Amino acid sequence: RALPLIYGSAGTSYVVIASKGGMPEHPLWFRNLAAEPACEVQVGAKHLRGRARVAEGAERERLWAQMAELYPPYLAYQKATRRRIPVVVIDPVA
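All figures in this text were calculated on a predicted structure; none of them were measured in a lab.

Within a sheet, neighbouring strands are paired by backbone hydrogen bonds and run either parallel or antiparallel to one another. On the basis of which strands lie adjacent, the open sheet formed by five strands has the order 1-2-5-4-3 and antiparallel pairing. Each end of this open sheet is capped by a strand with a single partner; those strands are strand 1 (8–10) and strand 3 (38–43). Shown here is a sheet whose adjacent strand axes are inclined to one another by a mean of 40°, direction ignored. Summarising the sheet, strand 4 (residues 46–54) and strand 5 (residues 87–92) pair through five bridges and their orientation is antiparallel.

This is the structure:
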């Protein structure tokens, strides 16, 4: 199922935030990717296969800051929930 998300880029990878507006539980799309990280991505007319992973450590902090600059409400969403909002990296695969 196609789902439009705000995205950023990190090299050749794409970055999305599993915020669900600061709700207490993760969005369903995130839980689906956690169970099966293989996915398909469409950005404009470009289609690609990818593999999703959750960014951790310094990479997460850098990408979180990048995405919060792109879409500042993410900061309020994080304050609204106890869970640590996942930063998801989708790496292209051949």
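Moving on: the pairing of strand 3. Here strand 3 shows a buried face lined by Cys39, Val41 and Val43 and an unburied face lined by Ala38, Glu40 and Gln42. Where strand 3 meets strand 4, six bridges bridge the pair, whose relative direction is antiparallel. Looking across to strand 4, one finds that glutamine 42 is bridged to histidine 47. The turn linking strand 3 back onto strand 4 is made up of two residues, and glycine 44 within it adopts a positive phi angle of 60°.

What follows is about the packing of aromatic side chains. Scanning the entire structure with this criterion turns up six aromatic pairs. Note on tyrosine 7 and tyrosine 14: the rings are 5.7 Å apart at their centroids and 75° apart in plane angle, and the pair reads as edge-to-face. Given a relative accessible area of 41%, tyrosine 7 falls into the partly exposed group. The class of tyrosine 14 is buried, set by a relative accessible area of 12%. Geometrically, the ring pair formed by tyrosine 71 and tyrosine 77 is tilted, given 6.4 Å between the ring centres and 55° between the ring planes. Members of the aromatic cluster, each reached through a chain of ring pairs, are Trp64, Tyr71, Tyr74 and Tyr77.

What counts and what doesn't
Residues numbered from 1 in each chain as written. Predicted model: local features only at pLDDT ≥ 70, side-chain atom pairs only at ≥ 80, totals over all residues. Heavy atoms only, no water. Pairing = 2+ DSSP bridges. Helix = DSSP H or I, 4+ residues; strand = E, 2+ residues; numbered from the N terminus. Axes fitted to C-alpha atoms, helices over the stretch in contact; angles between N-to-C directions. Buried < 20%, exposed > 50% of the residue type's maximum accessible area, 1.4 Å probe, protein only. Phe/Tyr/Trp six-rings, centres within 6.5 Å; stacked < 30°, edge-to-face > 60°.

Geometric values such as these leave the question of function open.
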